[in-house]
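Fold and contact review
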2 protein chains.
Amino acid sequence: MTPALRVAALSRRCLAQAVARPVRAASYSTAASATQLARAFFQGEPDGPTIKTAIPGPESKKLTQELDEVFDTRSLNMLTDYTKSVGNYIADPDGNVLLDVYAQIASIALGYNNPSLIKAASTPAMVSAIVNRPALGNFPSHDWADLLKSGILKVAPKGLNNVFTAMAGSDANETAFKAAFMYRRQLERGGPHVEFTQEELDSSMNNQAPGASNLSILSFKTGFHGRLFGTLSTTRSKPIHKLDIPAFDWPQATFPLLKYPLEEHAAENAAIEQAALDEVEHLIKTWHIPPAAVIVEPIQSEGGDNHASPDFFRKLRALTRKHNVLFIVDEVQTGVGATGKFWAHEHWDLQDPPDMMTFSKKAQAAGFYYADPALRPNKPYRQFNTWMGDPVRAILFKAIIEEIQRLDLVNHTAKVGDYLYGKIEGLARKYPDQFKNLRGKGQGTFIAFDNPDRDNFLVKAKKLGINIGGSGASAVRLRPMLIFQEKHADILVDALEKIVTTR
Amino acid sequence: MTPALRVAALSRRCLAQAVARPVRAASYSTAASATQLARAFFQGEPDGPTIKTAIPGPESKKLTQELDEVFDTRSLNMLTDYTKSVGNYIADPDGNVLLDVYAQIASIALGYNNPSLIKAASTPAMVSAIVNRPALGNFPSHDWADLLKSGILKVAPKGLNNVFTAMAGSDANETAFKAAFMYRRQLERGGPHVEFTQEELDSSMNNQAPGASNLSILSFKTGFHGRLFGTLSTTRSKPIHKLDIPAFDWPQATFPLLKYPLEEHAAENAAIEQAALDEVEHLIKTWHIPPAAVIVEPIQSEGGDNHASPDFFRKLRALTRKHNVLFIVDEVQTGVGATGKFWAHEHWDLQDPPDMMTFSKKAQAAGFYYADPALRPNKPYRQFNTWMGDPVRAILFKAIIEEIQRLDLVNHTAKVGDYLYGKIEGLARKYPDQFKNLRGKGQGTFIAFDNPDRDNFLVKAKKLGINIGGSGASAVRLRPMLIFQEKHADILVDALEKIVTTR
């Protein structure tokens, strides 16, 4: 057998097994205890990690070298054997199996080789979506409305009942930016029925105002919204993300960098948040390229897991409303359950919902939700591209949603998160220099802390069979899947202690 | 049955039939004539279009209204029933079946419900790619090198043996732009080992030079490269694509707008091309934001099917080489066989290959090919994002490539294109005002002409059972699939004549 065939055969066996052992249907109305439900989340998982070789091992090294001939491998974290990965466990080609609390940069919701998703991926509808990929703006499938309503829109955040679909978080954000610019210019012009002037038409073709608007997007320092040219201009995470790339002269406000533990710094943190709000208002009022929108993450995820209070976000929303600037919430990394709410901004209890909310990653599908019909541009083909998303990923998101609801995984994650947070809080008391600024209390498993030797911390974690990611300068960010349970938390916490107590 | 179930059942039947009637294996070495081979391209196609209702019919209208509640439908061309579409024929929910020479904006290579692709879409490898979507930069699958080498790289253009994968044409182009900016700044800095200065690091975070480079991409008027913020700044197709969106002040050169028939305007066209080249050189030398790269389409596809001679492109390549500006060829629409070469720029016979070539659409996968190792940024995480492409689409492209090679579809398309061009040339002689500036001779089926009442022309085509697209202000662009045969050309030509001879 050729290697490819061998892999296919292996994978066929693996998938057949997975499908043959379906997760037993759990229902909200049964008397099953949380523990019993939890037990059903994923069958076939190992009891814990297995480490057989150094990582990377010999096989991984060989394969990485082959890959490097044609593909840049310098950001490679770990070559992965997906056919052997299962549930919360990620496998490599050397037989190492790690508990994965990074989950493809927070993008796997329900575990590797999830039987329900394998089922969805094997349907005729999925096969058709793969081979007959539509240009969604021109030739949507007759059942596209049905797929949206029974999938993506079933979890639409409160108040936002429309969607523009996109390919990934970055272009979801750029599409939202475009909607904001068109919306603002339409207001300035006097409404949707006012035609473009000849000067606008002509100057737009030369990339000049008034046709190309002189407007900006206000974002926050240490925020991350993507790496395309528009989003990169709003991304302020690290120089390595931005160096050498031309950027728009758009404004940035300081994100409140709170002090921990929160309960010991209440007054100070309130002042930090107020200062940030004042800066936002000042920039809205004075920046030489006026903001059409403010974009913010509920938790700054790439920038180091920076949290702010619900009160801060409510006031930020009010500020944008006051100045007639649109409010875009970027839930690319925070969305789909990990914070213990389906969307993290549900923690804020907003009376006035965001104008747009973008999503991707664990949703697998991407795009932005909105409500105001005026956010649909006034003419066709203004918000358009060939594919405008991918029905393959819309079908998968629908299956993910159904599984999340069937197993009540958002509430589950809230509970497991509390359990995990409590355990790490214990570690932080024991090793205060190693688990600093613990954050994410009451935010599901979206937990992080700072470590003075973070990069080494992550390397040691791998040796102990745990795959973890970092963010910002010194944060260890936990991004377990929604099927992460107390038993996994125990393994993780055990390893965290070993990391800081062994050389 | 719910509508969704009914659709699934229908679609299951349809796919089962498709798989049950596999295309007989054709081999280059058999004595089969081209016609016999051609007959095998697609089984189960109807003999011609069927028009049962006005388009949109009552069912389409009802479904469109439902879709419009949640999704902008103003760019909708035709609601499609993909389960009933087959080969070159696209179906709608009202039972209308049209010959499709638009093919999802030139993005379907091998026909709807192609049995070979259905097979590829049903493999365990595909299912795994759907449910275990990797963050390709961090956690590529152990067989990613194998998949690249046996797929995407098997058709790498001459001289370009590396690839960066992306999601669609637009971000493929932006990724190429980023590579160009980093490359140029590295040269200016003195090489890959020269570290960034503190000033660069700091200013990059403020979107200011020197960290954010003051460089540009030179593109051509009437060109199209996408609608994200960087690519939109190089797109110069129509105001409606650009209005209200902030843009970089980047330079544009005039694309040679040749006069037809070419043989009657040889000297004039040569002068037009030289003037365009002079303008490019002038802009490279004088534009206040120096170009790091020139991007060009082999045939300007959205901008109206504007062609230039191989000589023009060879000289353009030489010019970029002379001034040390990178040369990016955008084959998003022209690539994958439709011009009678796998990549359209093979028509130019370049001795010095492009620095980068971008692809998407009919490839289904997207990205850019390159050769120079210096186009890999000097540090990891500079050219990075979460997904960096999609293995689902890489697997599909591999299957598309295998089918193209098995059936020799590029040469087939060159021949069918000549046949079709000859027929339309006949129409152009008969109706010179209706088929103006016929272009695409020797360019496979990538054929276009201008019509004085173009939009109405397209509407009438639909009534006659032909789905055609327009481009630019007055062009009718033909974008048949690679399985388009003489029998389809006859149906098309027949309809084209009816369009211009009936009210």
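Quantities reported herein were computed from a predicted structural model and do not represent experimental measurements. (Residues numbered from 1 in each chain as written. Chains lettered and ligands numbered in written order. Predicted model: local features only at pLDDT ≥ 70, side-chain atom pairs only at ≥ 80, totals over all residues. Heavy atoms only, no water.)

**Describing the relation of the copies chain A and chain B**
Mapping chain A onto chain B calls for a screw motion: a turn of 180° about the axis and a shift of 0.0 Å along it, with 0.0 Å RMSD after fitting. Accordingly, the operation relating the two chain copies is best matched by a two-fold axis. In terms of C-alpha distance to the rotation axis, chain A has phenylalanine 229 of chain A as its closest residue, with the C-alpha 2.8 Å off the axis. (Least-squares fit on C-alpha atoms with pLDDT ≥ 70 in both.)

**A few points about the environment of glutamate 45 of chain B**
Residue and element names in this part refer to chain B. When you line up the elements, glutamate 45 lands in the loop between helix H2 (34–39) and helix H3 (58–68). The sequence separation of glutamate 45 and glycine 87 amounts to 42 residues, and the corresponding C-alpha distance is 6.1 Å. Here glutamate 45 is in contact with Val86, Gly87, Asn88, Tyr89, Ile483, Lys487 and His488, once residues within four sequence places are set aside. (Helix = DSSP H or I, 4+ residues; strand = E, 2+ residues; numbered from the N terminus. Contact = heavy atoms within 4.5 Å.)

**Things to note about the sheet that holds strand S16 (residues 475–477) of chain A**
All names here are of chain A. The sheet built from four strands is open, its strands ordered S12-S13-S16-S15 with antiparallel pairing. Every other strand in the sheet has two partners, leaving strand S12 (436–439) and strand S15 (469–471) as the edge strands with one partner each. Each adjacent strand pair in this sheet contributes to an overall mean axis angle of 25°, direction not counted. Here two bridges tie S12 to strand S13 (residues 448–450), and the two strands are oriented antiparallel to one another. Residue lysine 436 lies in a different strand from S13, and its bridge partner there is aspartate 450. (Pairing = 2+ DSSP bridges. Axes fitted to C-alpha atoms, helices over the stretch in contact; angles between N-to-C directions.)

**A few points about the side chain of serine 75 of chain A**
When you line up the elements, serine 75 of chain A lands in the loop between helix H3 (58–68) and strand S1 (89–91). The buried category is assigned to serine 75 of chain A, whose relative accessible area is 7%. A polar contact is formed between the side chain of serine 75 of chain A and the backbone nitrogen of tyrosine 381 of chain B, at a distance of 3.1 Å. In this structure serine 75 of chain A touches Gly137, Asn138, Pro380, Tyr381 and Phe384 of chain B, once residues within four positions along its chain are discounted. (Buried < 20%, exposed > 50% of the residue type's maximum accessible area, 1.4 Å probe, protein only. Polar contact = N/O pair within 3.5 Å; in protein donor to acceptor, adjacent residues only side chain to side chain.)

**Structural notes on H3 of chain A**
Those residues of H3 of chain A that fall on the buried side of the exposure criterion are Ser60, Leu63, Thr64 and Leu67 of chain A. Along the axis of H3 of chain A, the buried positions cluster into a sector of 105°, meaning they face one direction only. Residues of H3 of chain A that are exposed and point over 90 degrees away from its buried face: Pro58, Lys61 and Gln65 of chain A. Contact partners of the buried residues in H3 of chain A: helix H7 (144–150) of chain B. (Arc of directions from axis to C-beta.)

**Regarding the interface of chain A and chain B**
Each partner contributes to the interface: chain A provides 130 residues, whereas chain B provides 132 residues. Surface buried jointly by chain A and chain B totals about 11600 Å² across both partners, of which 59% is contributed by carbon and sulfur atoms. One can count 12 salt bridges joining chain A with chain B. Note that glutamate 69 of chain B is salt-bridged to lysine 149 of chain A, the shortest N-O span being 3.1 Å. Our enumeration of links across chain A and chain B arrives at 78 residue pairs in polar contact (both at pLDDT 80 or more). (Buried area = accessible area lost by both parts, 1.4 Å probe. Salt bridge = Lys/Arg side-chain N within 4 Å of Asp/Glu carboxyl O.)

**Comments concerning the sheet that holds strand S5 (residues 252–253) of chain B**
Note: strands within a sheet are paired through backbone hydrogen bonds, in either parallel or antiparallel orientation. Within the open sheet, the seven strands sit side by side as S3-S11-S10-S9-S6-S4-S5 (chain B). Their pairing is mixed. The outermost strands of the open sheet, each flanked by one partner alone, are strand S3 (162–166) and S5 of chain B.

**Section: the domain arrangement of chain A**
Residue and element names in this part refer to chain A. Splitting chain A by domain gives domain 1 (3–26 + 43–117 + 408–501) and domain 2 (124–405). On a C-alpha basis, the centres of domain 1 and domain 2 stand 28 Å from each other. Summed over both sides, the interface of domain 1 with domain 2 buries roughly 2500 Å², with 56% coming from carbon and sulfur. At the boundary of domain 1 and domain 2, one finds two salt bridges. For arginine 477, the salt bridge goes to glutamate 302, with nearest N and O atoms at 2.8 Å. Taken together, the residues of the side of domain 1 that touches domain 2 sort by class into 15 nonpolar, 12 polar and four charged. (Domains from an automatic or database assignment. Nonpolar A, V, L, I, M, F, W, Y, C, P; charged D, E, K, R; others polar.)

**Digging into the pattern of salt bridges**
Scanning all chains against the criterion turns up 56 salt bridges over all chains. A salt bridge links aspartate 81 of chain A to lysine 84 of chain A; the nearest nitrogen and oxygen atoms lie 3.5 Å apart. Assessed through its relative accessible area of 4%, aspartate 81 of chain A is described here as buried. When its relative accessible area of 46% is taken as the criterion, lysine 84 of chain A is described as partly exposed. Salt-bridge contacts for aspartate 244 of chain A lead to arginine 382 of chain B; the nearest nitrogen and oxygen are separated by 2.8 Å. Residue aspartate 244 of chain A is located in the loop between helix H11 (239–242) and strand S5 (252–253), and its partner arginine 382 of chain B is located in the loop between strand S11 (366–370) and helix H14 (391–406); the two belong to separate chains. The class of arginine 382 of chain B is buried, set by a relative accessible area of 2%.

**Details of the nonpolar core**
By size, the foremost hydrophobic cluster in this structure holds 226 residues, and its most contacted members are Tyr369 and Phe397 of chain A together with Tyr369 and Phe397 of chain B. Counting the residues that make up this core, at least three belong to each of domain 1 (3–26 + 43–117 + 408–501) and domain 2 (124–405) of chain A. (Core = buried A, V, L, I, M, F, W, Y, C linked by side-chain atoms within 4.5 Å.)

**Section: the confidence of the model for chain A**
For chain A, the average pLDDT comes to 92, and 92% of its residues sit at 70 or higher. Within the model, the stretch residues 1–38 of chain A combines pLDDT values under 50 with 39 contacts to residues more than four positions away or in other chains. (pLDDT = per-residue confidence, 0-100.)

**A short note on the packing of helix H6 (residues 124–131) of chain B against H14 of chain B**
Residues and elements named next belong to chain B. Two elements in contact, H6 and H14, have axes whose closest approach is 8 Å; the angle formed by their N-to-C orientations is 155°. Here H6 is positioned roughly antiparallel relative to H14, judged by the angle of their axes. When H6 is examined against H14, the residues Ala125, Met126, Ala129 and Ile130 are found in contact with a partner set consisting of Pro391, Val392, Ile395 and Leu396. In the contact of H6 with H14, the residues fall into eight nonpolar, no polar and no charged. (Parallel < 35°, antiparallel > 145°, perpendicular 65-115°, else oblique.)

**As for the side chain of histidine 225 of chain A**
By the secondary structure assignment, histidine 225 of chain A is in the loop between strand S4 (216–220) and helix H10 (229–234). For histidine 225 of chain A, the contacting residues outside a window of four places in its chain are Ser170, Asn173, Ser219, Thr231, Thr234, Thr235, Ile295, Val296, Glu297 and Asp330 of chain A.

**Focus on helix H9 (residues 198–205) of chain A**
Among all positions of H9 of chain A, only Glu200, Ser203, Ser204 and Met205 of chain A are buried. Residues of H9 of chain A that are buried in the fold lie against helix H8 (169–189) of chain A together with helix H11 (239–242) and S5 of chain B. Residue asparagine 207 of chain A follows H9 of chain A closely and has a positive phi angle near 60°.

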